[in-house]
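Observations on the model geometry
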Amino acid sequence: MSAILVVNSGSSSFKYQLIEMTTEEVLASGLVERIGDETGHSKHTNAQGSSELDLPIRDHSQGFQVMLDAFRANGPSLDEHPPVAVGHRVVHGGKRFFEATVVTDLVKINIDDLADLAPLHNPANLQGIEAAQKAFPDVPHVAVFDTAFHSTLSPAAYTYAIDKKLADQHRIRRYGFHGTSHKFVSEAAAAFLGRPLDDTKTIVLHLGNGASACAVSDGKSVETSMGMTPLEGLVMGTRSGDLDPAVLFHLHRKTGQTFDDLDTLLNRGSGILGLSGYGDMRDMIAAARSGDAEAQAALDVYLHRLKHYVGAYAAQLGGLDAIVFTAGVGENTPLIRAGALAGLGILGIEIDEERNESTERGPRLISTDASRVAVLVIPTNEELEIARQSLAVI
């Protein structure tokens, strides 16, 4: 047996999955949330069903004890399925981490040092690692970085055109995110098409509340839309994506908004929420269909930006074998898939309307048989990718 426990820690919660790697079956999954609040909450799910519990959870260490109690009470038994490693999602690896890495004291120091590049994520990821090490002291812990897959970007792709000495001093460059998803999906796409990974050019569109595009050539990331932070690129649920930086100067001068105000505006009050007032893509589309002009305008902006990136990345790749939609919006919203690729017959892209509208789940083809570019929907599985990388490292 070779089970991997995968942990994704936030500042006040963590999600987990126990995956049996011989079959890649999820034996159990769960969520421990509202850590530090007066009343915390845990949910543990296995083949027999789910169990939930409300109780005070002081910190992440106590949260892991709550998780262990759930395994003891509800199964599966960790004595029968002992994890051979714990894999951790870590958002930012900077230039230092280009692959999954066994956690050591030096690795933790580096994760902490990179926190200024991901202040909302790296400290929380580190909290989870340290709490998990207390709960599982006798197995290796592996950090899998969102940025690692994009370490293959060329200098031309990752360099911003600002003063070089200043950029080097403050680590300003494109890093990219959603790397575990882009890696998993691009490899799954090549396998689905029966093509060798090292001879496949793919654009992956990871469309959830956060969204990013990635151009993958021969299994390597060559371009991606998120930048030094996850703010750049596509229009997202609450993030603006690409923006003329002078907009910030203008707003500061005209309104007196502070840098913190503007940070909140672009990360939490923009995107489709800022344009339409709707924080959920499904609600925005329903409103647009009912005649809401602002919702329709927001939808148009969202699709315009997507199409822009598809065309740009096809040019960067110098050819295109597949476009893949993944994540919550990408997997479940036919209108977005069709709208993003409408009018791109010039690139050899043809969507089959019936296939696109199908309620089928799982990996599937939604382009016509005559389309020169395969268009796929492939559910992402970042937890499985973390587990695979963790097992490979140990």
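Calculation criteria
Residues numbered from 1 in each chain as written. Predicted model: local features only at pLDDT ≥ 70, side-chain atom pairs only at ≥ 80, totals over all residues. Heavy atoms only, no water. UniProt positions renumbered as here; feature names shortened; annotations may be inferred. Helix = DSSP H or I, 4+ residues; strand = E, 2+ residues; numbered from the N terminus. Contact = heavy atoms within 4.5 Å. Areas by Shrake-Rupley, 256 points an atom, 1.4 Å probe, with all protein chains shown as cover. Lys, Arg positive; Asp, Glu negative; His and termini not counted. Charge placed at Lys NZ, Arg CZ, Asp CG, Glu CD. Core = buried A, V, L, I, M, F, W, Y, C linked by side-chain atoms within 4.5 Å. Buried < 20%, exposed > 50% of the residue type's maximum accessible area, 1.4 Å probe, protein only. Pairing = 2+ DSSP bridges. 1 Å grid on protein atoms, 1.4 Å probe; cavity = no way out; pocket = protein on both sides within 12 Å on 5 of 7 lines; lining within 4 Å. Points joined across faces, edges and corners; volume = space filled by probe spheres on them. Nonpolar A, V, L, I, M, F, W, Y, C, P; charged D, E, K, R; others polar. Salt bridge = Lys/Arg side-chain N within 4 Å of Asp/Glu carboxyl O. Expected span 1.5 Å × (residues − 1).

Per an unreviewed UniProt entry, the recorded name for the chain is Acetate kinase, and the organism is Agreia bicolorata. What UniProt records for the chain under Pathway (unreviewed entry) is the sentence "Metabolic intermediate biosynthesis; acetyl-CoA biosynthesis; acetyl-CoA from acetate: step 1/2." Regarding the chain, the relevant UniProt record gives this comment under Catalytic activity (unreviewed entry): "acetate + ATP = acetyl phosphate + ADP".

1. Here we look at the overall build of the chain
Looking only at helices and strands, the chain has 15 helices and 14 strands in total. With the C-alpha coordinates aligned to their principal axes, the bounding extent of the chain is approximately 55 × 55 × 45 Å. Put simply, of all contacts in the chain between residues at least 6 apart along the chain, 63% involve residues at least 24 apart. Looking at the chain as shown, the accessible area adds up to about 18,200 Å², and 52% of this sits on carbon and sulfur atoms. One way to put it: in the chain the 33 positive side-chain charges average out to a point 5 Å from where the 50 negative ones average out.

2. Things to note about the UniProt feature "active site" (unreviewed entry) in the chain
With numbering matched to this structure, UniProt assigns "active site" (unreviewed entry) to Asp146. In this structure, aspartate 146 sits in the loop between strand S8 (141–145) and helix H4 (155–158). Look past the residues within four positions of aspartate 146 in its chain and what remains in contact with it is Arg89, Val90, Val91, Gly176, Phe177, His178, Gly179 and Thr180.

3. Things to note about the environment of valine 102
With respect to the secondary-structure elements, valine 102 resides in strand S7 (residues 101–102). Residues valine 102 and proline 140, 38 residues apart in the sequence, show an inter-C-alpha distance of 6.7 Å. What valine 102 contacts, discounting residues up to four positions off in sequence, is Val107, His141, Val142 and Val393.

4. What to know about the nonpolar core
If you look at the biggest cluster of nonpolar residues, it comprises 43 residues, and the most contacted ones within it are Leu205, Leu207, Tyr302, Leu306, Ile323 and Ile336. When residues of this core are traced back to their parent elements, those giving at least two are strand S9 (201–207), strand S10 (211–217), helix H10 (281–289), helix H11 (293–317), strand S12 (322–326), helix H13 (334–341) and strand S14 (374–377). Top contributing element to this core by residue count: H11, with eleven residues. For isoleucine 336, the residues in contact, after removing those within four places along its chain, are Leu207, Met281, Ile285, Leu299, Tyr302, Leu303, Leu306 and Val329.

5. What to know about the sheet that holds strand S1 (residues 3–9)
Adjacent strands of a sheet form backbone hydrogen bonds with each other and so pair up, either parallel or antiparallel. The strand order S5-S4-S3-S2-S1-S6-S8-S7 describes an open sheet built from eight strands, whose pairing is mixed. Among the strands making up the open sheet, the edge pair consists of strand S5 (49–55) and S7. Sheet topology note: the S7/S8 ladder contains two bridges and is antiparallel. By the bridge assignment, threonine 101 is partnered in S8 with alanine 143.

6. Let's talk about the layout of surface pockets
Which parts of space are left empty comes out when a probe the size of a water molecule is rolled across the atoms. Space inside the second largest pocket adds up to approximately 380 Å³. Asp280, Met281, Arg282, Val329 and Thr333 are, among the 19 residues lining the second largest pocket, the residues nearest its centre. Listed by contribution, the elements that provide at least two residues to the lining of the second largest pocket are H10, helix H12 (327–332) and H13. Per element, the largest residue contribution to the lining of the second largest pocket is four residues, and it comes from H10. In terms of residue class, the lining of the second largest pocket is built from eight nonpolar, seven polar and four charged.

7. With respect to the side chain of arginine 337
Note that arginine 337 resides in helix H13. Glutamate 357 provides the closest opposite charge to the buried, unpaired arginine 337, separated from it by 6.8 Å. Among all residues touching arginine 337, those that are not within four sequence positions of it are Phe325, Gly330, Glu331, Asn332, Asn356, Arg364, Ile366 and Val377.

8. Describing helix H1 (residues 60–74)
Given a rise of 1.5 Å per residue, 15 residues ought to cover 21 Å, and the 21 Å separating the end C-alpha atoms of H1 matches this to within 8%. Looking at H1, one finds that the buried residues are His60, Gly63, Phe64, Val66, Met67, Leu68, Ala70 and Phe71. Along its buried surface, H1 packs onto S1, strand S2 (14–20), strand S3 (25–33), strand S4 (40–46), S5 and helix H3 (122–135). At the exit of H1 stands glycine 75, carrying a positive phi of roughly 85°.

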